[in-house]
Amino acid sequence: MKYLERRVIHGLLLLIGVSILCFALSAAAPGNFFDEMKLNPQISPSTVAGLRARYGFDQPLVWRYGHWVESVLRGEWGYSFAYNCPVRSLLLVRARNTLILTGLATLLAWLIAVPLGVWTANRRGRWDDRLSMASTSLLLSVPELVIALVLLYWAVRIHTLPVGGMASVDFGGLGVQAKLFDLALHLVVPVTTLVLASLPLLVRHIRASMIEVLQAPFVQAARAHGIGGARLLFRYALPAAANPLSSLLGLSVGALLSGSLLVEVITGWPGLGPLLLDAALARDIYVVVGAVMASTLFMIFGGILADILLVAVDPRVRLGKV
Amino acid sequence: MRIEETARHALKPALAKAAGLSKRYVQRAPFSYKSFVIDALVDVEFDIAPASLTALVGESGSGKSTLARCLAMLEKADRGEIWFEGKEVSRSSDRELKALRPKIQMVFQDSAGALNPGFTAAQIIAEPLEVQRRESGARLHSRACELMEEVGLSPNWADRRPLEFSGGQRQRLAIARAIALKPAFLILDESVSGLDLSTQAQILNLLLDLQKAHSLTYLLISHDLGLVGQIADFVAVMQQGKIVEQGPRREVFANPRHHHTRELLASVRLLRSNFRTAQAGGR
Amino acid sequence: MTCAHSSCASALLRIHGLTVRYAASQEQSSPALVGVEFDIRRGETVGILGESGSGKSTLALSILGLLPVSTNITGSMLFENKDLLQFDESAWGTVRGTRIAMIFQDPGLSLSPVMRVGDQIAEVLRAHRPGPRKVRKQQVEAILRDVGLSQGDRIYGAYPHQLSGGELHRVAIAQALSCRPDVVIADEPTQSLDATRQAEILDVLREVNRKFGCAIIFITHNPALLAGFADRVIVMYAGRIVEEGPVPQVFRQPLHPYTKGLLQLVPASLQDPDRTRGQHLPALPGSLSHSDRSTRGCIFESRCFARTELCQSESPREVVPEEGRRVSCFNYEN
Ligand SMILES: Nc1ncnc2c1ncn2[C@@H]1O[C@H](COP(=O)(O)OP(=O)(O)OP(=O)(O)O)[C@@H](O)[C@H]1O
Ligand SMILES: Nc1ncnc2c1ncn2[C@@H]1O[C@H](COP(=O)(O)OP(=O)(O)OP(=O)(O)O)[C@@H](O)[C@H]1O
Ligand code: SF4
Ligand SMILES: [Mg+2]
Ligand SMILES: [Mg+2]
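Residues numbered from 1 in each chain as written. Chains lettered and ligands numbered in written order. Predicted model: local features only at pLDDT ≥ 70, side-chain atom pairs only at ≥ 80, totals over all residues. Heavy atoms only, no water.

Novice: Please explain the overall build of chain B as it appears in this structure.
Specialist: The helix and strand tally for chain B stands at 10 helices and 10 strands. Relative to a compact globule of 283 residues, whose C-alpha radius of gyration would be 19 Å, chain B shows 20 Å and is just as compact. Seen along its three principal axes, the alpha-carbon backbone of chain B occupies a region of about 55 × 55 × 55 Å. Looking at the 283 residues of chain B, the share that counts as buried comes to 58%. The long-range fraction of contacts in chain B, counting pairs at least 24 apart against all pairs at least 6 apart in sequence, stands at 65%. (Helix = DSSP H or I, 4+ residues; strand = E, 2+ residues; numbered from the N terminus. Rg over C-alpha atoms; globule rule 2.2 N^0.38 Å. Buried < 20%, exposed > 50% of the residue type's maximum accessible area, 1.4 Å probe, protein only. Contact = heavy atoms within 4.5 Å.)

If you want it as structure tokens, here you go:
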């Protein structure tokens, strides 16, 4: 499993790099949380100075970074000035919500894209393939923002779907089943947006890899032995395409995640997206760093998950060949 | 005259040498903790004289390809030493290996699988030349075409991809690629076994000429004892991961000591005599 | 001349005027097969001999309808009087693997790298002989033993890259024989096997031939293998059949200059003690060049020791010098 170990180490290095970059950028950006406080006439300049000193803003950046790392190790992830609490408690809930959204969207997108990509590859050049290619290129040209707005408009019109948030007002009083149903209703608009936005690229990539594999001599040989139809496509060809597809899975998790930050803001899903936006506007820098780190972590996990999948499917990787 | 030559070879230090080489594969069985242990190489002692053609024969699965891969340093043995040009190289650093690679080339048994299906024939042949910066630009392409011609492929096919060639043509493509660098040590793993006798002879004649001009050393893995009997200087016989017999070709053929060698020779003789009887008109 | 045999009517497979032209990348391509005709009767063993690149594999692939879609194919191929060229996917499903099976020349290419080889054989059984999984596994291990792979369970669970060249080849053979087809096309099935194993495989093929009456088309470059094995031999050169006849007759008295040359190349003795180092091996003079392919005359003309002036300007017709034989060479016309 050397391969996976290497991936984990790469992931850790990436996390460290991202955190350093975040700190550097936050220092380079003009202003901080306390500058805005100074403008507030109700807070005396000495209070602000005291707060500054308390959070180490009179110290050099490196010191602050060290301080932050220490707090990460303690499990606090820094302190939010705006919410007045450790960042961790904020992050946990928001990250969970984002995970629900992107996890579901990834799952759905792949569940639709794989059969569609495989099928259209097999029907290459026929009417159904053309139809699918045309509709994916149409979808590809529409930005996520527009998709989300159209869906929101539609949700408002039909009245049965909630618009915004992830739970109804009376959520607390509901039974388990009703709770899940309520959650599902709230998920419809953001998840659909994300799936529609990521589907075209996925389908096209899967189709392209499958077309390549379908021309491989061993697929020809399987045909010669009388193996055809779905069996040929899914038992022979698809696993052989696992290598390019697993890196696609890693990429798609990243793309869905970054897409979801935007979609969350538009559809009011209480995930990392709105948190990040608010914190950035308020210069609540530890929250910004924390949210970015959480997103990075998801992306790394997505990549590692894809690798584990690849190792499970492709013996050449598992046995250290290739 | 032959004997003297052989004796002269024996005096020279080996170009490549394996000492106490062992390799074990462990293959896990699906859905169980059982696993199979395959001793592909067991304490192999093997010398390859410089500027000679050594043939490695033996039954299927006896470890010939594994030994070849180890000698070409494409696979690490579990134990033992590999010497090349008088130096122990089995634990070389990546940098040392990089310097060695162009001197040792191997044409794989599964040659088709080793050719990039997306490259054209010319690109495949030119790749090692380009990587080693031996040629560039237009010279590169014309050299690739020359090499194609030498192995009996029409240069008109330079833009074809490997899968658009016949099986034997692909083998020749792989050979052309391997001789492009005129490697001091060339390993041919069943590389001419897919060729008809005439094409096979043409390729081997080309290799013999190259050998004469540049004193190249060949290791020819082949199951075809008829062919080995024609061209090899030395013969080594493998069985179950061990070299069971090794010596000058004439001695091994005239006077096989190990029963496995005798068995192999008997099978070939039988096949041959069937053919001779048919030619003579009998049934 | 459609058929050199009296028993045409009972042909299981009948190839007529088969011409195949690959849509090769750029060059103006010459056809890989030109007007190929022959019959295969039930239970017959036919060897196909020919130079590398002479179109043997192309012939095999065209019989199974596996040539790339861009290939231009004309002629007809009747299997039990149904034209294979008109088959659609579902019709092929009832023929490939069960009625006509193929042992591929390059087992490294023809097996999936990501499936255990045992499963790949089992898949063939599954496609044609539905039955419980357990039974299938036992069947597969039995077939593996038949082709000389005694460690059935290890081989079953191995991926192609974990097997040696010869082991892989035998897996490919097992795969083709698994459903006891009526015709087996064996494309160089013993290419990577030592002589002992070669004999074993020939025995296996002989046995399926005798027990199940399965016809065998044995493609090889090694004439010695055909002696005592094949009933008939077809000799190909540059995509054409240049000679055909029963193995004993052809080997005793080859007619076409190409066949003569080819058979002479089989060395007389197992080893040649008098050869000096570096001495060239005997080969046919020259090679098939591009201009030969477009010539109006005989395709073998530039390499032929028996050529006459006529050979340059006209191409020879096929003649039947004696019952059951045919040859395309001016030397035997009238
Ligand atoms: N990667 C691997 N994992 C497990 N077993 C292996 C692996 N590679 C080779 N083997 C096994 O090791 C043995 C020796 O293999 P090798 O390829 O060296 O044989 P060979 O002498 O070249 O045979 P052949 O003439 O059939 O090519 C075989 O039994 C093979 O199954
Ligand atoms: N897919 C393809 N596209 C274009 N040309 C091809 C293709 N496959 C084969 N050819 C050409 O057709 C000719 C016949 O090839 P074929 O594979 O039938 O030869 P073969 O008799 O099987 O030779 P070998 O003994 O080397 O396997 C060769 O010249 C080859 O280059
Ligand atoms: S027709 Fe002429 S050139 Fe062709 S094989 Fe016969 S003698 Fe030779
Ligand atoms: Mg081998
Ligand atoms: Mg072939």
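Having put the structure on the table, let's press on.
Novice: Could you clarify how one ought to interpret the overall build of chain C in this entry?
Specialist: Looking only at helices and strands, chain C has 13 helices and 12 strands in total. Principal axes of the C-alpha set define a box for chain C whose edges measure 65 × 55 × 45 Å. Counting all 334 residues of chain C, 61% fall into the buried class. For chain C, the computed accessible surface area is about 12800 Å², with 47% contributed by carbon and sulfur atoms. Across chain C, the 36 positively charged side chains and the 36 negatively charged ones have centroids separated by 5 Å. (Areas by Shrake-Rupley, 256 points an atom, 1.4 Å probe, with all protein chains shown as cover. Lys, Arg positive; Asp, Glu negative; His and termini not counted. Charge placed at Lys NZ, Arg CZ, Asp CG, Glu CD.)

Novice: Mind showing me how you'd approach the coordination of the magnesium ion (ligand 4) here?
Specialist: Around a metal, the ideal angle is 109.5 degrees if four donors adopt a tetrahedral arrangement and 90 or 180 degrees if six donors adopt an octahedral arrangement. Residue and element names in this part refer to chain B. For the magnesium ion (ligand 4), every protein donor is listed as Ser 65 (OG) and Gln 109 (OE1), and the spread of their distances is 1.9 to 2.1 Å. Taken together, the residues span a long stretch of sequence, with Ser 65 in helix H2 (residues 64–71) and Gln 109 in the loop between strand S6 (104–107) and helix H4 (121–131) at a distance of 44 residues. The exposure classification of Ser 65 matches that of Gln 109, with both residues buried. (Donors = N, O, S within 2.8 Å, 3.2 Å for Na, K, Ca; no water.)

Novice: Quick question: what am I supposed to make of helix H7 (residues 144–158) of chain A here?
Specialist: Structural remark: α-helix, 3.6 residues per turn; residues separated by three or four positions point the same way. Residue and element names in this part refer to chain A. Given a rise of 1.5 Å per residue, 15 residues ought to cover 21 Å, and the 21 Å separating the end C-alpha atoms of H7 matches this to within 8%. Residues of H7 that are buried include every one of Ile 147, Ala 148, Leu 151, Leu 152 and Ala 155, and no others. Down the axis of H7, the buried side of the element spans an arc of 130°, and every buried residue falls inside it. Facing away from the buried side of H7 by over 90 degrees, the exposed positions are Val 150, Tyr 153 and Arg 157. Where H7 is buried, its residues contact helix H6 (127–141), helix H8 (176–214) and helix H11 (242–267). Directly beyond the C-terminal end of H7, a positive phi value near 65° is found at His 159. (Expected span 1.5 Å × (residues − 1). Arc of directions from axis to C-beta.)

Novice: What am I meant to see in the coordination of the magnesium ion (ligand 5) here?
Specialist: Residues and elements named next belong to chain C. Bound to the magnesium ion (ligand 5) on the protein side are Ser 57 (OG) and Gln 105 (OE1), at distances that span 1.9 to 2.2 Å. Here Ser 57 is found in helix H1 (residues 56–63), whereas its partner Gln 105 is found in the loop between strand S6 (100–103) and helix H3 (107–110), with 48 residues between them in sequence. Like Ser 57, the residue Gln 105 is buried in the burial classification.

Novice: I'm lost on the site of ligand 2 in this one. Help?
Specialist: Lining the immediate environment of ligand 2, one finds 20 residues, of which B:Ser166, B:Gln169, C:Ser52, C:Ser57 and C:Thr58 sit closest. Ligand 2 is flanked by residues contributed from chains B and C. Note that an oxygen atom of ligand 2 is positioned 3.3 Å from one of the backbone N or O atoms of C:Ser54. The backbone of C:Lys56 places a nitrogen or oxygen atom 2.7 Å from an oxygen atom of ligand 2. For ligand 2, whose accessible area on its own is 640 Å², the fraction buried by protein is 93%. At the level of elements, helix H6 (167–179) of chain B together with H1 of chain C are the ones that each hand at least two residues to the shell around ligand 2. Looking at the shell around ligand 2 residue by residue, the class counts come to four nonpolar, 11 polar and five charged. (Near = heavy atom within 4 Å. Polar contact = N/O pair within 3.5 Å; in protein donor to acceptor, adjacent residues only side chain to side chain. Nonpolar A, V, L, I, M, F, W, Y, C, P; charged D, E, K, R; others polar.)

Novice: Sorry, what's going on with the pairing of strand S2 (residues 35–48) of chain B here?
Specialist: Consecutive side chains along a regular strand alternate between the two faces of the sheet. All names here are of chain B. With 10 bridges connecting them, strand S1 (residues 16–28) and S2 associate as antiparallel partners. Counted as the bridge partner of Arg 24 is Asp 39 from S2. Where S1 folds back on S2, the antiparallel hairpin that results is connected by six residues, among which Phe 31 adopts a positive phi of roughly 55°. (Pairing = 2+ DSSP bridges.)

Novice: Could you clarify how one ought to interpret the sheet that holds strand S7 (residues 185–189) of chain B in this entry?
Specialist: Where strands meet in a sheet, backbone hydrogen bonds hold them as pairs that are either parallel or antiparallel. All names here are of chain B. The six strands are arranged S6-S7-S8-S3-S9-S10 in an open sheet whose pairing can be described as mixed. Looking along the sheet, the strands with just one partner apiece sit at the ends: S6 and strand S10 (242–248). Shown here is a sheet whose adjacent strand axes are inclined to one another by a mean of 15°, direction ignored. Looking at chain direction, S6 and S7 are connected through four bridges and run parallel. Within the sheet, the bridge partner assigned to Val 107 lies in S7 and is Leu 188. Packing against the sheet, helix H10 (residues 259–280) makes contact with strand S3 (53–58), strand S9 (234–239) and S10, and its axis sits at approximately 105° to S9. (Axes fitted to C-alpha atoms, helices over the stretch in contact; angles between N-to-C directions.)

Novice: Would you take a moment to explain the site of ligand 3 for this structure?
Specialist: Neighbouring residues of ligand 3: C:His256, C:Pro257, C:Cys298, C:Glu301, C:Cys304, C:Ala306, C:Arg307, C:Cys311, C:Pro316, C:Cys329, C:Phe330 and C:Asn331. The residue inventory of the shell around ligand 3, partitioned by class, reads eight nonpolar, two polar and two charged.

Novice: Even after reading the chapter, I still don't get the interface of chain C and chain B, so can you show me in this structure?
Specialist: Accessible area lost when the parts come together is the quantity often used to give the size of an interface. Each side of the interface is counted separately: chain C has 67 residues, and chain B has 76 residues. A buried area of about 5900 Å², summed over both sides, lies between chain C and chain B, and 52% of it is on carbon and sulfur atoms. Of all residues in chain C, the largest losses of buried area upon contact with chain B belong to C:Leu270, C:Arg277 and C:Leu281, amounting jointly to 15% of the total for that side. In this assembly, chain C and chain B are joined by three salt bridges. Remark: the boundary between chain C and chain B carries 19 residue pairs in polar contact (both at pLDDT 80 or more). Residue assignment for the side of chain C that touches chain B shows that the elements contributing at least two residues are H3, helix H6 (152–156), helix H7 (165–177), helix H8 (195–212), helix H9 (223–226), helix H10 (247–252) and helix H11 (257–264) of chain C. In terms of residue count, H8(C) provides more of the side of chain C that touches chain B than any other element does, five residues in total. When grouped by side-chain class, the residues that make up the side of chain C that touches chain B number 24 nonpolar, 27 polar and 16 charged. (Buried area = accessible area lost by both parts, 1.4 Å probe. Salt bridge = Lys/Arg side-chain N within 4 Å of Asp/Glu carboxyl O.)

Novice: Can you help me understand helix H5 (residues 137–150) of chain B in this one?
Specialist: Residues and elements named next belong to chain B. The end-to-end C-alpha separation of H5 is 21 Å, in line with the 20 Å expected for 14 residues at 1.5 Å each. Within H5, the full set of buried residues consists of Leu 140, Arg 143, Ala 144, Cys 145, Leu 147 and Met 148. Those residues of H5 that are buried are in contact with H4 and H6. Within two residues after H5, Gly 152 carries a phi angle of roughly 85°, on the positive side.

Novice: Even after reading the chapter, I still don't get the sheet that holds S6(C), so can you show me in this structure?
Specialist: All names here are of chain C. Spatially, the eight strands line up as an open sheet ordered S6-S7-S8-S3-S9-S10-S12-S11, and their pairing is mixed. Edge positions in the open sheet fall to S6 and strand S11 (318–319), since each of these has one partner strand only. Each of strand S3 (45–50), strand S9 (232–237) and strand S10 (240–246) touches H11; the most contacted strand, S9, lies at about 105° to it.

Novice: Explain the packing of aromatic side chains here, please?
Specialist: Note on aromatic pairs: each is described by the distance of the centres and the angle between the planes. If you walk through the whole model with that rule in mind, you get 13 aromatic pairs over all chains. Ring geometry for C:Tyr258 against C:Phe300: centres 5.5 Å apart, planes inclined by 75°, an arrangement best described as edge-to-face. Of this pair, C:Tyr258 sits in helix H11 while C:Phe300 sits in the loop between helix H12 (290–294) and helix H13 (310–313), placing them 42 residues apart in sequence. Judged by relative accessible area, which is 0%, C:Tyr258 ranks as buried. An aromatic cluster is built from A:Phe23, A:Tyr65, A:Trp68, A:Trp77 and A:Tyr286, whose rings are joined through pairwise contacts. Its end group placed over the ring of B:Trp83, B:Lys17 keeps NZ or CZ at 5.8 Å from the ring centre. The lysine or arginine in question, C:Lys137, covers the ring of C:Tyr156, its NZ or CZ lying 4.8 Å from the ring centre. (Phe/Tyr/Trp six-rings, centres within 6.5 Å; stacked < 30°, edge-to-face > 60°. Lys NZ or Arg CZ within 6 Å of the ring centre and 35° of its normal.)

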